[in-house]
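# Understanding the architecture of this molecule
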Amino acid sequence: MWGGRFEGGPAKAMEAINVSLEIDQRMAMEDLTASLAHAAMLAEQKIINAEDAGKIRAGLETIRQELEAGTFPFRAAYEDIHMNIEARLAELIGPAAGRLHTARSRNDQVVNSFRMWVRAACVRAEAMIEALMKALVLRAEEHAATIMPGFTHYQSAQPVTFGHHCLAWVEMLARHKDRFESARARMNECALGAAALAGTGFPINRQMTASALGFERPMRNSLDAVSSRDFALDYLAAAAICATDLSRLGEEIVVWTTPQYGFIRLSDAFSTGSSIMPQKRNPDAAELVRAKTGRINGALIGLLTVMKGVALSYAKDFQEDKPLTFESADSLELALAAMTGMIADMSVNVDAMRKAASHGHATATDLADHVVRALGLPFREAHHVAGRAVALADTLHKNVAELSLAELQSVDPRLDAQALAVMGLEASVESRKSEGGTAPANVRREVAAWKERLK
């Protein structure tokens, strides 16, 4: 490739550190598609003649067939996928292949293929997030009135509905989807035509190439085009934030499947056993989703660190952008697929959820709210009344909702039977009708809205 300047070949260590084919061959189709667009533009602009353009197009289509059939001869001697395709094209059509690289450098060629790959990865992530959202919405619809404990500090706080809990994840996932969409919009600019760093003296039509490849516009600055990797960072940042929340959901699944909770059960399809303990059902898929987050977060930090010391414009450091991004995309997509499968597949133990919701004086706040409404006390005083009721229940080894009327009136004689009624689990969740609250009516309304949005 650069034999005119170099007489000696590379050292073995140089080959080992420099060759990227094993990684970047994943961009073969992107490189091929961009080369077809570039060749068409060169012909349209009369930079190459129609005969050579036809040969190039036919040769590239043959290479496409080889790639699809798995017969393309990948060779490490050609360093990366881009030179592999160019070398194979030369074998197929002869000297005309050398005209394809007119007005193009590997600097703009590589980054443009990478942009196309990352853009497609955003689309995949968006679709997979939406699939998980749909699975959660169906669960929310099924369990709009299923009562479970709501937690703060991992302590029983107030009863909520499982449908409401599922919809919380839907809201979070919607923001993750939006992050990938906005990242995709920012990266949807074409780098081809920037050449090595300064543009080219050939009369190219960058808008034609950009349009052919589905980009909104060409990048406006050639230095920026070849040296920016913020589009990959955008993807990795969105992936890391998304994976972090998937890890939190994975943690809930791990906890909820324990016999101590028993809120849900994963089927055999998403459980594993133990080599020594025959009774075990391990939620390994959820645990691995939780663990994948470390790799994805690490990739974001890794690429940030690669980029922090690279002056404009291109440097070989950028070769490290692809393994980090490719591995993160693989991990994220696997985590999303596994999580969607678990949510769709799991069975919910309604009785266990309800029983757990009755523990920990979870409706004490309902008593405090009732005191405000019924007795006209400021909330801080009502809080003390409810707190004394909880203290009494503790001494009697009862839940506050299990106190008798006489016991409740020993705390404050003004309390009546209605004070007991408001502490029922159904009464508690049904009262939370404020916008965004857990009331079953709210859940059903939100489910309907999400089903419409996700059609």
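Let me sum up the structure you'll find in this document. (Residues numbered from 1 in each chain as written. Predicted model: local features only at pLDDT ≥ 70, side-chain atom pairs only at ≥ 80, totals over all residues. Heavy atoms only, no water.)

### Here's the deal with the packing of helix α6 (residues 106-142) against helix α7 (residues 162-187)
Packed helices, taken two at a time, are described by the angle their axes make and the gap between the axes. α7 packs onto α6 with a crossing angle of 165 degrees between their chain directions and a minimal axis gap of 9 Å. Looking at the two axes, α6 sits roughly antiparallel to α7. Note on packing geometry: the crossing formed by α6 with α7 is left-handed. Its residues placed into classes, the contact of α6 with α7 shows 18 nonpolar, two polar and eight charged. (Axes fitted to C-alpha atoms, helices over the stretch in contact; angles between N-to-C directions. Helix = DSSP H or I, 4+ residues; strand = E, 2+ residues; numbered from the N terminus. Parallel < 35°, antiparallel > 145°, perpendicular 65-115°, else oblique. Left-handed = near helix turned anticlockwise from the far one by under 90°. Nonpolar A, V, L, I, M, F, W, Y, C, P; charged D, E, K, R; others polar.)

### Here's the deal with the pairing of strand β2 (residues 155-161)
Strand direction decides the pairing type here: strand β1 (residues 147-152) and β2, joined by six bridges, are antiparallel. For Pro149, the partnering residue across the bridge sits in β2 and is Pro159. The hairpin formed by β1 and β2 contains two residues between the paired strands, and His153 there has a positive phi angle of roughly 55 degrees. (Pairing = 2+ DSSP bridges.)

### Observations regarding the packing of aromatic side chains
Given two aromatic rings, one states the distance between the centres and the angle between the planes to describe the pair. Counted by the stated rule, this structure contains 11 aromatic pairs. Geometrically, the ring pair formed by Phe72 and Phe74 is edge-to-face, given 4.9 Å between the ring centres and 65 degrees between the ring planes. A relative accessible area of 5% means that Phe72 is categorised as buried. Phe74 sits in the partly exposed class, given a relative accessible area of 34%. Counting every residue linked through ring pairs, the aromatic cluster contains Phe151, Tyr154, Phe162, Trp256, Tyr261 and Phe263. Between the NZ or CZ atom of Arg124 and the centre of the ring of Trp117, over which it lies, the distance is 5.1 Å. (Phe/Tyr/Trp six-rings, centres within 6.5 Å; stacked < 30°, edge-to-face > 60°. Buried < 20%, exposed > 50% of the residue type's maximum accessible area, 1.4 Å probe, protein only. Lys NZ or Arg CZ within 6 Å of the ring centre and 35° of its normal.)

### Things to note about the nonpolar core
Counting residues in hydrophobic clusters, the biggest one holds 82 residues, and the most contacted among them are Phe180, Tyr235, Leu246, Leu332, Met339 and Ile343. Sorting the residues of this core by element identifies α6, α7, α9 (222-227), α10 (230-256), α11 (284-307), α12 (321-345), α13 (350-357) and α19 (440-453) as the ones contributing at least two each. The greatest single-element share of this core, amounting to 16 residues, is contributed by α10. Setting aside residues up to four positions removed in sequence, Met339 forms contacts with Leu132, Leu246, Leu249, Gly250, Ile253 and Val289. Core analysis: the second largest hydrophobic core is formed by 23 residues, Leu36, Ala39, Leu42 and Ile81 among them. (Core = buried A, V, L, I, M, F, W, Y, C linked by side-chain atoms within 4.5 Å. Contact = heavy atoms within 4.5 Å.)

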